[in-house]
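Structure at a glance
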Amino acid sequence: DTGVSQNPRHKITKRGQNVTFRCDPISEHNRLYWYRQTLGQGPEFLTYFQNEAQLEKSRLLSDRFSAERPKGSFSTLEIQRTEQGDSAMYLCASTLGQATNEKLFFGSGTQLSVL
Amino acid sequence: AQKVTQAQTEISVVEKEDVTLDCVYETRDTTYYLFWYKQPPSGELVFLIRRNSFDEQNEISGRYSWNFQKSTSSFNFTITASQVVDSAVYFCALRLDGGFKTIFGAGTRLFVKA
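Residues numbered from 1 in each chain as written. Chains lettered and ligands numbered in written order. Predicted model: local features only at pLDDT ≥ 70, side-chain atom pairs only at ≥ 80, totals over all residues. Heavy atoms only, no water.

Our next topic: the overall build of chain A. Counting secondary structure elements, chain A contains 0 helices and 11 strands. Relative to the 2.2 N^0.38 estimate, which gives 13 Å for 115 residues, the radius of gyration of chain A is 13 Å and therefore close to what a compact globule would have. Over its C-alpha atoms, taken along the principal directions, chain A stretches across nearly 40 × 25 × 25 Å. Considering chain A as a whole, with its 115 residues, one finds that 48% of them fall into the buried category. Taking contacts inside chain A between residues at least 6 apart in sequence as the whole, the part at least 24 apart equals 53%. Carbon and sulfur atoms make up 45% of the accessible area of chain A, which amounts to about 5,700 Å² in all. Measuring between centres, the 14 positive side-chain charges of chain A sit 6 Å from its 12 negative side-chain charges. (Helix = DSSP H or I, 4+ residues; strand = E, 2+ residues; numbered from the N terminus. Rg over C-alpha atoms; globule rule 2.2 N^0.38 Å. Buried < 20%, exposed > 50% of the residue type's maximum accessible area, 1.4 Å probe, protein only. Contact = heavy atoms within 4.5 Å. Areas by Shrake-Rupley, 256 points an atom, 1.4 Å probe, with all protein chains shown as cover. Lys, Arg positive; Asp, Glu negative; His and termini not counted. Charge placed at Lys NZ, Arg CZ, Asp CG, Glu CD.)

Turning to the interface of chain A and chain B, a few remarks are in order. Counting residues at the interface gives 21 residues for chain A, matched by 23 residues for chain B. Interface area for chain A against chain B, summed over the two sides, is near 1,900 Å², with a carbon-plus-sulfur share of 53%. Ranking the residues of chain A by area buried against chain B places Thr100(A), Asn101(A) and Phe106(A) at the top, with a combined share of 31%. Across the chain A-chain B interface, the total number found is 0 salt bridges. Counting every contact that joins chain A to chain B gives 6 residue pairs in polar contact (both at pLDDT 80 or more). A per-class count over the side of chain A that touches chain B returns 8 nonpolar, 8 polar and 5 charged. (Buried area = accessible area lost by both parts, 1.4 Å probe. Salt bridge = Lys/Arg side-chain N within 4 Å of Asp/Glu carboxyl O. Polar contact = N/O pair within 3.5 Å; in protein donor to acceptor, adjacent residues only side chain to side chain. Nonpolar A, V, L, I, M, F, W, Y, C, P; charged D, E, K, R; others polar.)

All right, on to the confidence of the model for chain A then. Overall, the predicted model of chain A reaches an average pLDDT of 93, with 99% of residues at or above 70. Of all secondary-structure elements in chain A, the lowest mean pLDDT belongs to strand E6 (residues 53-57) of chain A, at 91, while strand E3 (residues 19-24) of chain A reaches the highest, 98. (pLDDT = per-residue confidence, 0-100.)

Inspection of the entire model under this criterion finds 22 aromatic pairs over all chains. A ring pair is formed by Tyr33(A) and Tyr35(A), whose centres lie 6.4 Å apart and whose planes are at 35°; its orientation type is tilted. For Tyr33(A), a relative accessible area of 0% translates into the label buried. Its relative accessible area of 0% is what places Tyr35(A) among the buried residues. Between Tyr25(B) and Tyr32(B) the ring centres are 5.2 Å apart and the planes differ by 55°, which places this aromatic pair in the tilted class. Its relative accessible area of 3% is what places Tyr25(B) among the buried residues. The exposure class assigned to Tyr32(B) is buried, which follows from its relative accessible area of 4%. Put simply, the rings of Tyr33(A), Tyr35(A), Phe45(A), Tyr48(A), Phe106(A), Phe35(B), Tyr37(B), Phe47(B), Phe91(B), Phe100(B) and Phe104(B) pair up and form one aromatic cluster. (Phe/Tyr/Trp six-rings, centres within 6.5 Å; stacked < 30°, edge-to-face > 60°.)

Turning our eyes to something else, we now look at the sheet that holds E3(A). Residue and element names in this part refer to chain A. Read across the sheet, 4 strands follow the order E1-E3-E8-E7 without closing on themselves; strand pairing throughout is antiparallel. The two strands at the open ends of the sheet, each matched to only one other strand, are strand E1 (5-7) and strand E7 (65-68). Neighbouring strand axes in the sheet, compared pairwise and without regard to direction, differ in orientation by 15° on average. Across 4 bridges, the pairing between E7 and strand E8 (residues 75-79) is antiparallel. Note on E8: the bridge partner recorded for Phe-65 is Ile-79. (Pairing = 2+ DSSP bridges. Axes fitted to C-alpha atoms, helices over the stretch in contact; angles between N-to-C directions.)

Residue and element names in this part refer to chain A. On inspection of all chains with the given rule, the structure shows 2 disulfides over all chains. Across a sulfur-sulfur distance of 1.9 Å, Cys-23 and Cys-92 are joined as a disulfide pair. Disulfide Cys-23-Cys-92: torsion about the S-S bond near -70°, hence left-handed. Here Cys-92 lies in strand E9 (residues 88-95) and Cys-23 lies in strand E3, a separation of 69 residues in the sequence. (Disulfide = S-S within 2.5 Å.)

Residue and element names in this part refer to chain A. Considering the arrangement of structural elements, one finds Thr-110 in strand E11 (residues 110-114). At 2.5 Å, the side chain of Thr-110 and the backbone oxygen of Pro-8 are in polar contact. Contacts of Thr-110, omitting those with residues within four sequence positions, involve Gln-6, Asn-7, Pro-8, Arg-9, Phe-21, Ala-88, Met-89 and Tyr-90.

Right under this line is the structure:
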C-alpha cells in the first residue's frame, strides 16, 4: 500500500497558461475525488469518479476545469487559461467500496501558484 | 443546505494540557456521517474517526475522545495530555447518506508548545 500519490507537489505558472495535475489512487480503490483547499479553509469538493465514470461535479468546477480517469486508474485534473484565483492546494482522495460512509485516503496535494 | 462550523480558528496550548476542538454541523437529513481528519504540516489529511448519526455513543481512543450530541448538532474532539506532535490543523466533516460529497469545516489549527 503506497498511498495516494500526487504529482507535481508544486506548480508555479503564469496567468493564462494551462496546467495538468496527476493523481494515482491506492491501487484497488474504485472511487476517486478531487478537492481544492485555499489558505485557512477546509477542502472543497470539486468532482468524483466511480471507476472511470465522473458521477458528480461541483459548481466550483468551471468550464476551464476538466478531469478524467481513463480506465478507472489514475486521474488528471487540467485547468485551462489559469487565473490568479485558481491558486490553491489541489487534493486527491480515494476510497474503496460502495458505501457512502467510507473514510477518505488523501494524497499530499499539488500546490498551484498562478502569477 | 449542509454546513460544518469550526468556530475556533487557532488554539495554542502548552504540552500536557487538555484541549477540546468544537464542531457544529447543520443538516436536515436524518442519516449522515461525521468525520474528523488531521492535517499535519506535510499536507496530507489523515482520517481520525467516523461517527454514524444513529450512534451517539462517545468514543475514546488513547488520548483522543469524541463527544457526539445530536441535540446540539455537535461533534467535539478532545485531546488529553496534548503533545507537540499533536500540532496540526484538524477538520470536522459531514457526509449525507447516499451522497458522495464530504463537506469540511474551515479547520482549527492547534499549536502545542513544549
